[in-house]
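Below are the chains, spelled out letter by letter.
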Amino acid sequence: MSTIFEKIWKEHVIVNKEDKDLLYIDLHLIHEVTTPQAFEALREKNRRVRRPDLTFATMDHNTPTIKAHREYIEDDLGREQLEALKRNTEEFGIELYSMDSEKNAIVHMMGVERGLTQPGKTIVCGDSHTATHGAFGAIAFGIGTSEVEQVFATQSLWQKMPKQMGVKITGELPQGVYSKDIILKLIGMKGTGFASGYAVEFFGDTVDNLSMEARLTLCNMAIEGGAKFGLIAPDSTTFDYLREREFAPKGEDFEKSVERWKKLKTDSEADYDRLITLDVSQLKPQITWGTNPSMVMDIDGQVPQRDSEEYKKAYDYTGLKPGDRAEDIPVDVVFIGSCTNGRFEDLEIVAEYLKGKKIAEGVQCILVPGSTEVKRKCEEMGYDRVFEEAGCEFRESGCSYCLAMNEDRIEKGKHCISTSNRNFEGRQGAGSITHLASPYTAIKAAVEGKVRA
């Protein structure tokens, strides 16, 4: 008896040494920020990329989201990293989805959209939110630059198997409440380190009823609870999403794969080292008030009173004080996008809410699709016109305001209601203040000019 994680892990062990296993890696996704040193190390050692056919690259972190700015990247380091990725992928024979590619996407969306992400795979990328891909029933995790080099050279990686945690989520989600609210509530209840040392599997009737895109959000933010891995067992929702994707098996091979994928499930709840349960039937929309994702409150709640230095520092940084309510949060900028909530479903929620409405005076609302594919689909549905008529900026794809590694930065002292995954000090720009929320909560705040239930 074992968990889905253990089953996939054991299938990929090449050799064991003491308490570590050498794992075979099925898919290596790369971007411009964590690869330059790894490629240079290969050159110095006169080595090649062992499996370029299992390695795929995209440009995302440093890419401007205003089309006119893509022709010349003003930031020197960002431009150098993007140019280096182009040179390196050409030299080592790796497929690259550059800024002008119809397949360009944030790295955690690129593998999913292309059908590269599949149940039972081991997937790595030099980025902590690689756990996103675990929503397909895969072992997916972020790695460091030295590990990127090792995977380039050997298509394998030494890892220690983590403990297993089950997070059982039950109940029907109330109207206006989404998977982003689930994961924020969980982190708020348990803290940012509750899953440290664990692989987290989300399951339960709530998860069964989530769309594929909503599941991706859950696994994406497992990292913010301290986990390295987040995953969900594959089911018909998974298979339907994958069918006919570019790199997914085709025809009879797909049906055979489905039969194999159906076996990827945890045998019993008793197989977990730790089990957490969460009933979401009464869950309310969530919004962070402080400087890490656990500093979160119900939308009709209040900023809590704590005497710790961490909380005192957060009060000072955000300008909020104990007893303040969500509607006391200034709404200067609303950002909807990122690998957490930049998918089509997220922008569809925004478009449906915005019809016939206008963004509040004094609020800047910026919508950044996570991929060119999402942008094109929004245009096909006419959502781009809805966004623009409401007063939003609808931009090109990229990581954008999530992490301020590009020209998209929130000004010092400004508050941003953001659908991204981290609200650390300065995450969206030096001195900026981030409040994490779902796309629905964020766009509602943009229209009303206040964060309200």
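Residues numbered from 1 in each chain as written. Predicted model: local features only at pLDDT ≥ 70, side-chain atom pairs only at ≥ 80, totals over all residues. Heavy atoms only, no water.

A. Region of interest: the overall build of the chain. In terms of helices and strands, the chain carries 16 helices and 19 strands. For 453 residues, the compact-globule estimate of 2.2 N^0.38 gives 22 Å, and the chain sits close to it at 21 Å. Principal axes of the C-alpha set define a box for the chain whose edges measure 55 × 55 × 45 Å. Split into buried and exposed, the 453 residues of the chain put 62% on the buried side. Sequence-distant contacts in the chain: of pairs separated by 6 or more residues, those separated by 24 or more amount to 75%. Of the roughly 17900 Å² that the chain leaves accessible, carbon and sulfur atoms contribute 45%. When the 58 basic and 74 acidic side-chain charges of the chain are each reduced to a single mean position, those positions are 2 Å apart. (Helix = DSSP H or I, 4+ residues; strand = E, 2+ residues; numbered from the N terminus. Rg over C-alpha atoms; globule rule 2.2 N^0.38 Å. Buried < 20%, exposed > 50% of the residue type's maximum accessible area, 1.4 Å probe, protein only. Contact = heavy atoms within 4.5 Å. Areas by Shrake-Rupley, 256 points an atom, 1.4 Å probe, with all protein chains shown as cover. Lys, Arg positive; Asp, Glu negative; His and termini not counted. Charge placed at Lys NZ, Arg CZ, Asp CG, Glu CD.)

B. Region of the structure containing the pattern of salt bridges. Applying the stated rule across the entire model yields 31 salt bridges. Between E149 and K45 there is a salt bridge; the shortest N-O distance is 2.6 Å. In this pair, E149 sits in helix α5 (residues 145-154) while K45 sits in the loop between α2 (36-44) and β4 (55-58), placing the two residues 104 residues apart along the sequence. The exposure class of E149 is buried, given its relative accessible area of 14%. Of the charged contacts, one joins R452 and E448 as a salt bridge, the two residues approaching to 3.6 Å between their closest N and O atoms. (Salt bridge = Lys/Arg side-chain N within 4 Å of Asp/Glu carboxyl O.)

C. Here's a closer look at unusual backbone geometry. In this model, Q155 sits at a positive phi of 55 degrees, which is unusual for a non-glycine residue. In this fold, Q155 is placed in the loop between α5 and β8 (156-159). Here the phi dihedral of S338 falls at roughly 85 degrees; this positive angle occurs in a residue that is not glycine. Tracing the chain through its elements places S338 in helix α12 (residues 338-341). What makes S338 buried here is its relative accessible area of 1%.

D. Empty space enclosed by the protein, seen in detail. All told, the structure shown has 1 cavity of 30 Å³ or more when counted by the stated rule. In this structure, the largest cavity encloses a volume near 30 Å³. Every residue along the wall of the largest cavity is listed here: V167, I183, L186, I187, F194, A195, V200, F202, M221, A222 and G225. Here the lining of the largest cavity takes 3 residues from helix α6 (residues 179-190), the largest share from any one element. Counted by class, the lining of the largest cavity contains 10 nonpolar, 1 polar and no charged residues. (1 Å grid on protein atoms, 1.4 Å probe; cavity = no way out; pocket = protein on both sides within 12 Å on 5 of 7 lines; lining within 4 Å. Points joined across faces, edges and corners; volume = space filled by probe spheres on them. Nonpolar A, V, L, I, M, F, W, Y, C, P; charged D, E, K, R; others polar.)

E. Summary view of the sheet that holds strand β2 (residues 20-24). Ordered by their spatial adjacency, 3 strands build an open sheet running β1-β2-β8, and the pairing between neighbours is antiparallel. Only two strands of the sheet have a single neighbouring strand rather than two, namely β1 (13-17) and β8. When strand polarity is set aside, the average angle formed by the axes of neighbouring strands in this sheet is 20 degrees. Of the strands in this sheet, β1, β2 and β8 touch helix α1 (residues 4-11), which is tilted by about 90 degrees from β1. Running at roughly 135 degrees to β8, α5 makes contact with β2 and β8 of the sheet. (Pairing = 2+ DSSP bridges. Axes fitted to C-alpha atoms, helices over the stretch in contact; angles between N-to-C directions.)

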